[in-house]
Amino acid sequence: MERQFAETLRGAAFIFEKEENGRFQGSILACRAVARFIYQRNGGAQLAAPFMQIAAAFEELERGGKPKLFSKKSAPDRERERSPERRQIHMLAAAALEVMVKLEPRGIKISDAETSKRDAAAARVARHVNGWPGMGAQQVTGRTIIAWRNHQRSLSKSDRKPFDTVVAKILAEPNPRKTVDQLLRSGPPGFFKS
């Protein structure tokens, strides 16, 4: 494990120094390697999240965007962001709803009662998401959370992988409900509270 980690970091350093646009790709590769190493060592999401945030910010910079992580000014409260951090919030909220829905026993047919349970779970997620950092510009409702979940579920397999990974990781926890409750109360790991 340590050998693979060291080899990946050496490769990232080479890319950073030698290749055109290497400052982005090398940094992204290094941050992902650190996050993977933390995950393989059973480190919590709160330890790995900052590295994934940095990697996402470098990807946004590489595409010509202006990630909030590297911004000197914060976005005005009334302006909706389109940052990697915001997309991460959408994905985590959708994953929380997905886990809550999967934990509910289902009948043979989708009934009004099951739809009502999903709507109630979505409203609960929305109440918490409204208090998360970076969400001041938008009033999130249960319908918003359902739309975010539907969006994640409609992505291609490769684009959907982070969502599926988060859902699987939470469901693999000894007490997935408690894990979702903690996520909802604490907000996204690695995000600074305002």
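Draft legend 1. Layout of the pattern of salt bridges. The final tally for this structure, using the stated rule, is 11 salt bridges. Residue arginine 124 pairs with aspartate 181 through a salt bridge whose shortest N-O separation is 2.3 Å. Of this pair, arginine 124 sits in helix H5 (residues 112-129) while aspartate 181 sits in helix H8 (residues 176-186), and the two are 57 residues apart along the sequence. Residue classification places aspartate 181 among the partly exposed positions, given a relative accessible area of 23%. Beyond isolated ion pairs, a larger network of salt bridges with shared partners links Glu98, Lys102, Arg149 and Arg153.

Draft legend 2. Highlighting helix H1 (residues 2-18). Given a rise of 1.5 Å per residue, 17 residues ought to cover 24 Å, and the 24 Å separating the end C-alpha atoms of H1 matches this to within 8%. For H1, the complete set of buried residues consists of Phe5, Thr8, Ala12 and Ile15. The buried residues of H1 occupy an angular sector of 90 degrees when projected down its axis, which confines them to one face. Away from its buried face, by an angle of more than 90 degrees, H1 presents the exposed residues Arg3, Arg10, Glu17 and Lys18. Buried-residue contacts for H1 involve helix H2 (22-40).

About the criteria used
Residues numbered from 1 in each chain as written. Predicted model: local features only at pLDDT ≥ 70, side-chain atom pairs only at ≥ 80, totals over all residues. Heavy atoms only, no water. Salt bridge = Lys/Arg side-chain N within 4 Å of Asp/Glu carboxyl O. Helix = DSSP H or I, 4+ residues; strand = E, 2+ residues; numbered from the N terminus. Buried < 20%, exposed > 50% of the residue type's maximum accessible area, 1.4 Å probe, protein only. Expected span 1.5 Å × (residues − 1). Arc of directions from axis to C-beta. Contact = heavy atoms within 4.5 Å.

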